[in-house]
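Here are the chains, one letter per residue:
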Amino acid sequence: MSPRARSAEVLERSERPQPGLVGRGVAARSRRAPAALSRGSAARTAKLSDVGVFAIANQKGGVGKTTTAVNLAAAVAAAGHRALIVDIDPQANATVGLGQPRALSPNVYDVLCGACDAEQAIHETPVDRLWLMPAGSGLVGASVELPTVPGSERRLHDALAPLRERFSFVLIDCPPSLGPLTVNALVAADSVIVPVQTEYFALEGLAQVLDTIGLIQREFNPRLSVGGLLLTMHDNRTRLGRDVERDVREHFPGLVFDTVIPRNIRLSEAPSFGVPVTLHAPFCAGSDAYVALAREVAGDG
Ligand SMILES: Nc1ncnc2c1ncn2[C@@H]1O[C@H](COP(=O)(O)OP(=O)(O)OP(=O)(O)O)[C@@H](O)[C@H]1O
Ligand SMILES: [Mg+2]
């Protein structure tokens, strides 16, 4: 089977009806994508610029979740908004990518355990107006601990509630799984941004992550909406990249961000300097793309 045909098959699977996402009495707008999945449909209770808390999620590994969380947050902060990154991934890549020690505390694990308030677990970063709630080494065991505590899926939601006034944007960097940590993030979030690498294998996870968003919406968080699919690591010179972009846009009309993140070496080297690309290389294509995405998300000119 050709990559094109295979990617179409994967997308076909992701078209299964998702009752939670269409459960607001909105008729499907097209055969291909449930209406409530479309950006701008009634499932989106607010403009993106009105959304406070975004989860950056896809259980597929290495698709650009952390790169997006760090650089979108930095670009939003550069545009004048107060932003917070919550690193809920035990890999702590967002924490390290912002120049902080992996074991920095207090951290999100301490918050999830109830050992401290969210306010105490907020740390400064090298970026003005951008704060970080770091991961913490304890997160490694949290996926085992959390399910044993009834109601634990709401812990992050409850902890972040007092911070909503303080920050215009909160971005939660999720681990590459749909386990208890990602569930906590989706219950706490108003909206989900799903990075999709414009390569054939990355499409594999799309159906599952959209199903999970529907499940969380039905069971825990009716206000959760899909903020959008974000095409990442795009190489417009390859036929596969162009095919995947076209397929995703055709199958999810209105749901894919206009901004496409190109494959860009500056984006991949910035974490080793402990800063976002907007500080590391402010005039590269990767920086431009995240600034454009921030405008799309924040609704700025
Ligand atoms: N647009 C890009 N151009 C070049 N490299 C990129 C780009 N986006 C991400 N990368 C690199 O690809 C790798 C994976 O990216 P990233 O860590 O953001 O993915 P992730 O989805 O958070 O991964 P994980 O699932 O492990 O948490 C990293 O080495 C990162 O620097
Ligand atoms: Mg990551």
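Here the structure is shown first, and the text comes after it.
What you see is a predicted model, and the numbers here were worked out from it, not measured in a lab.

A. Structural view of the overall build of the chain. Scanning the chain for helices and strands turns up twelve helices and seven strands. For the chain, the residues scored as buried account for 52% of the 301 residues in total. Here the analysis covers contacts within the chain between residues at least 6 apart in sequence; of these, 75% occur between residues at least 24 apart.

B. Quick peek at the pairing of strand β6 (residues 191-197). Most of β6 is tucked away: seven of the seven residues are buried. Residues of β6 alternate between two faces, with S191, I193, P195 and Q197 on one and V192, V194 and V196 on the opposite face, all of them buried. Here strand β1 (residues 53-56) runs beside β6; their pairing, made up of three bridges, is parallel. Residue I56 lies in a different strand from β6, and its bridge partner there is I193. Looking at chain direction, β6 and strand β7 (residues 225-232) are connected through seven bridges and run parallel. Bridged to I193 within β7 is G228.

C. A look at the environment of S152. Turning to its location among the elements, S152 is positioned in the loop between α5 (139-145) and α6 (155-160). With 17 C-beta atoms counted inside 10 Å, the residue S152 sits in the partly exposed group. When the C-alpha positions of S152 and P180 are compared, they lie 8.6 Å apart, and in sequence the two are 28 residues distant.

D. Structural detail: the site of ligand 1. In the vicinity of ligand 1 lie 19 residues, with K65, T66, T67, P176 and S268 positioned nearest. At the level of elements, α2 (65-78) and α10 (265-269) are the ones that each hand at least two residues to the shell around ligand 1. A per-class count over the shell around ligand 1 returns five nonpolar, eleven polar and three charged.

E. Broad picture of unusual backbone geometry. Following S105, the chain continues into P106 via a peptide bond in cis, with omega recorded as -5 degrees. Here P106 lies in the loop between α3 (93-97) and α4 (108-113). Positive phi, normally seen in glycine, also occurs at M233, with a value near 50 degrees. Take M233: it is sitting in the loop between β7 and α9 (239-251). By the C-beta count within 10 Å, which is 22 here, M233 ends up buried.

F. Structural detail: the nonpolar core. Ranked by size, the top nonpolar core spans 88 residues in total, and within it A73, L171, I172, A185 and L186 carry the most contacts. Per-element tally for this core: the top contributor is α2, with nine residues. Apart from residues no more than four positions distant in its own chain, L186 is found in contact with A55, A57, V192, I213, I216, N221 and L224.

G. Looking closely at the pairing of β1. Neither face of β1 is left uncovered, since the one carrying V53 and A55 and the one carrying F54 and I56 both have all their residues buried. Pairing geometry for β1 and strand β5 (residues 169-173), over four bridges, is parallel. The residue bridging I56 from the neighbouring strand is D173, located in β5.

H. A look at the sheet that holds strand β3 (residues 123-124). Taken in spatial order, the seven strands line up as β3-β4-β2-β5-β1-β6-β7 in an open sheet, and their pairing is mixed. Sheet topology places β3 and β7 at the edges, where each strand pairs with a single neighbour. Sheet topology note: the strand β2 (residues 83-87)/β5 ladder contains five bridges and is parallel. Residue L84 lies in a different strand from β5, and its bridge partner there is V170. Packed on one face of the sheet, α2 meets β1, β2, β4 (130-133), β5, β6 and β7 and runs near 165 degrees to β5.

I. Representation of α2. Between its first and last C-alpha atoms α2 spans 20 Å; for 14 residues at 1.5 Å apiece the expected length is 20 Å, and the two agree. Where burial is concerned, most of α2 is hidden: 14 out of the 14 residues are buried. Residue G80 follows α2 closely and has a positive phi angle near 105 degrees.

Conventions used here
- Residues numbered from 1 in each chain as written.
- Chains lettered and ligands numbered in written order.
- Predicted model: local features only at pLDDT ≥ 70, side-chain atom pairs only at ≥ 80, totals over all residues.
- Helix = DSSP H or I, 4+ residues; strand = E, 2+ residues; numbered from the N terminus.
- Buried ≥ 20, exposed ≤ 12 C-beta atoms within 10 Å, placed from the backbone.
- Contact = placed C-beta atoms within 7 Å.
- Pairing = 2+ DSSP bridges.
- Near = placed C-beta within 6 Å.
- Nonpolar A, V, L, I, M, F, W, Y, C, P; charged D, E, K, R; others polar.
- Core = buried A, V, L, I, M, F, W, Y, C linked by C-beta atoms within 7 Å.
- Axes fitted to C-alpha atoms, helices over the stretch in contact; angles between N-to-C directions.
- Expected span 1.5 Å × (residues − 1).

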